[in-house]
Amino acid sequence: MGKKRDRGVATSSNRSKGRVESSTQQDEHGDTVSSDRRLIVIFVLFFIVAPAISVLVYRIKYAPPPTIHTDSYVFQRGLVKPDVDYQEILTENSKVSENASRRHYTYPILAYITPWNAKGYEIAKSFNSKFTHLSPVWYDLKSQGASLILEGRHNADIGWISELRSGDAWVLPRVVLEAFPAELLTRKKQRDKAINLIVTECKDMGYDGIVLESWSRWAAYGILHDSDMRNLALQFIKQLGNALHSVSSARNDKQWLQLVYVIGPPHSEKLQKHDFGPEDLRSLSNAVDGFSLMTYDFSGPQNPGPNAPLKWIRSTLQMLLRPNGNSDQGPAHKIFLGINFYGNDFALAGGSGGGAITGRDYLSLLEKHRPVLQWEENSGEHLFFYSDDDNIKHAVFYPSLLSISMRLEEARSWGCGISIWEIGQGQNVGLKGVLKLSIASPGSFSAFITIFWIPYVVFGESQQLKSLPAPAFMNLAFKC
């Protein structure tokens, strides 16, 4: 027992020496461990975390375009193919998709309805859940002597509005501002009167807000070239937006009345003084809930061509949202990218002529002329040619599965909603051609939009567009 005790007890000097040596060894070991840890952290940051972040940024910025859902309705039926002919369109346009309720397109969808194409009212009811905003074209605000009048209540269909309330879509009638701008914008009483008329109508009729169209009218009057008048115009829109936002929706007291403002695309490669530009967009973004961008009517009878070239659409979004070409993007989530549900039939000789056609007109042309459908790659649209009874050659452009899917993807890539002009321009009574387009990205993002009253048209190829007369700006749109 004594020996064991002697071995377990050291002298004071020995214990002190042992503690010093032990402490020194621990410090050296700690420094080594700390140094190793720093090296490991540096290695992880530079060789694992940094590359991972770079890959993530690259995938976000340069993500490949979405792939087509081949299990969707139109693909299951074998309708999306390069060799479709007119007879298939005539046969398939009367088919209706089974899905009439579920909406997968992430961003808002605004649909216009016009009294002169009354089928739009029926479509809005049947496919209410497909839309977030419905805008019946009902109202005009006009000058009446020294005062103002809001015309259009006689167009309003209260029963139709009541039936829509079972769905989630907001009802925002369009109001066209036709009052003389020099009087309206420069006189405070006139501005207050106009705003009061609009807000009161929304309250009385139970609307969720309005879609306002005025910029094209103001441009026609030439007031937007004057900086003072332009500022007054912007101030009026802001004042209206703030007034609407101060009132709760009749069906949801937690939601204020909405203002969607109609804007046109630029008509040249550089913004003109009267064009609605990126500074206007940013100036109004807090007071306006959405901007209905009219990216259609690119061509006309005097300059026949595509309805809405895809490159022109892209350059328009670039001008508005990324004017400096950098990543500082404007409020894309408030843009409703315009998609036309009508086509054009242009005469290419004999003094030119022609104009817009509906689905019914399109089917009649297919039945009569039995044309070969062609795909024009630069514009991203389908067309066909025919000669009329006077032997005058025509070019017909009409929306197709491919053209619409490309525009939906363009809107999705920017984070935009879409606006449709307009959902009643369709086939004969009883014909409801409903197309479902499914788009899915590698990140499991999926989106589809059901297209109403448009015949099934798909791929083709065209070499004849070169013969079409082209306006100056078409060169930009068709530039490779």
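Structure's up top.
Residues numbered from 1 in each chain as written. Predicted model: local features only at pLDDT ≥ 70, side-chain atom pairs only at ≥ 80, totals over all residues. Heavy atoms only, no water.

### Focus on the overall build of the protein
Right, so step 1: A tally of regular secondary structure across the protein gives 15 helices and 20 strands.
Right, so step 2: Here the protein holds 480 residues, and 50% of them are scored as buried.
Right, so step 3: For the protein, the accessible surface area stands at approximately 23400 Å², while carbon and sulfur atoms represent 52% of it. (Helix = DSSP H or I, 4+ residues; strand = E, 2+ residues; numbered from the N terminus. Buried < 20%, exposed > 50% of the residue type's maximum accessible area, 1.4 Å probe, protein only. Areas by Shrake-Rupley, 256 points an atom, 1.4 Å probe, with all protein chains shown as cover.)

### Points about the environment of I392
Right, so step 1: Relative to the helices and strands, I392 resides in the loop between strand 16 (381-387) and strand 17 (393-397).
Right, so step 2: Considering only alpha carbons, one finds I392 and A349, 43 residues apart in sequence, at a separation of 6.1 Å.

### Concerning the pairing of strand 3 (residues 133-144)
Right, so step 1: Sheet topology places strand 2 (residues 109-113) next to strand 3; 4 bridges connect them, and they run parallel. Note that in strand 3 the partner of L110 across the bridge is H133.
Right, so step 2: In this structure, strand 3 lies alongside strand 5 (residues 170-171), joined through 2 bridges in parallel fashion. Each residue of the ladder has a partner; that of H133, found in strand 5, is W170.
Right, so step 3: Here 4 bridges tie strand 3 to strand 6 (residues 174-177), and the two strands are oriented parallel to one another. Bridge assignment links V137 to a residue of strand 6, and that residue is R174.
Right, so step 4: Strand direction decides the pairing type here: strand 3 and strand 4 (residues 147-151), joined by 5 bridges, are antiparallel. From the neighbouring strand, K142 faces strand 4, where its bridge partner is I149.
Right, so step 5: The hairpin formed by strand 3 and strand 4 contains 2 residues between the paired strands, and G145 there has a positive phi angle of roughly 65 degrees. (Pairing = 2+ DSSP bridges.)

### Quick look at the nonpolar core
Right, so step 1: Within the largest apolar cluster, 78 residues are counted, with the highest numbers of intra-cluster contacts made by W218 and Y261.
Right, so step 2: The contacts of Y261, once residues within four sequence positions are left out, are L212, S214, W215, W218, I237, F276, V288, G290, F291 and S292.
Right, so step 3: With 13 residues, the next largest nonpolar core counts Y86, L90, L366 and V396 among its residues. (Core = buried A, V, L, I, M, F, W, Y, C linked by side-chain atoms within 4.5 Å. Contact = heavy atoms within 4.5 Å.)

### Looking at the sheet that holds strand 14 (residues 353-357)
Right, so step 1: Reading across from one edge, 14-13-17-16-15 is the order of the 5 strands in this open sheet, with antiparallel pairing throughout. If you trace the sheet from one side to the other, it starts and ends with strand 14 and strand 15 (374-376), each paired once. Across the sheet, the axes of successive neighbouring strands diverge by a mean angle of 25 degrees, strand direction being ignored.
Right, so step 2: Direction of pairing for strand 13 (residues 343-347) relative to strand 17: antiparallel, over a ladder of 4 bridges. (Axes fitted to C-alpha atoms, helices over the stretch in contact; angles between N-to-C directions.)

### Section: the pattern of salt bridges
Opposite charge on two side chains makes pairing possible when the charged atoms of those side chains draw close.
Right, so step 1: For the structure shown, the criterion picks out 15 salt bridges.
Right, so step 2: For K119, the salt bridge is made with E122, and the minimal N-O distance between the two is 2.9 Å. In this pair, K119 and E122 are both assigned in helix 5 (residues 119-126), 3 residues apart and thus about one turn of the helix distant.
Right, so step 3: K119 gets classed as partly exposed once you look at its relative accessible area, which sits at 26%.
Right, so step 4: Residue classification places E122 among the partly exposed residues on the basis of a relative accessible area of 24%.
Right, so step 5: In this structure, E213 engages R217 in a salt bridge whose closest nitrogen and oxygen atoms are separated by 3.0 Å.
Right, so step 6: Through salt bridges with shared partners, a single network forms among R153, E201 and D204. (Salt bridge = Lys/Arg side-chain N within 4 Å of Asp/Glu carboxyl O.)

### Remarks on the side chain of S419
Right, so step 1: Note that S419 resides in strand 18 (residues 417-421).
Right, so step 2: Using a relative accessible area of 0% as the deciding quantity, one classes S419 as buried.
Right, so step 3: In this structure the side chain of S419 is engaged in a polar contact, spanning 3.3 Å, whose partner is the backbone oxygen of F336.
Right, so step 4: Apart from residues lying up to four places away in sequence, S419 is in contact with L110, Y112, S292, L293, F336, L337, G338 and I339. (Polar contact = N/O pair within 3.5 Å; in protein donor to acceptor, adjacent residues only side chain to side chain.)

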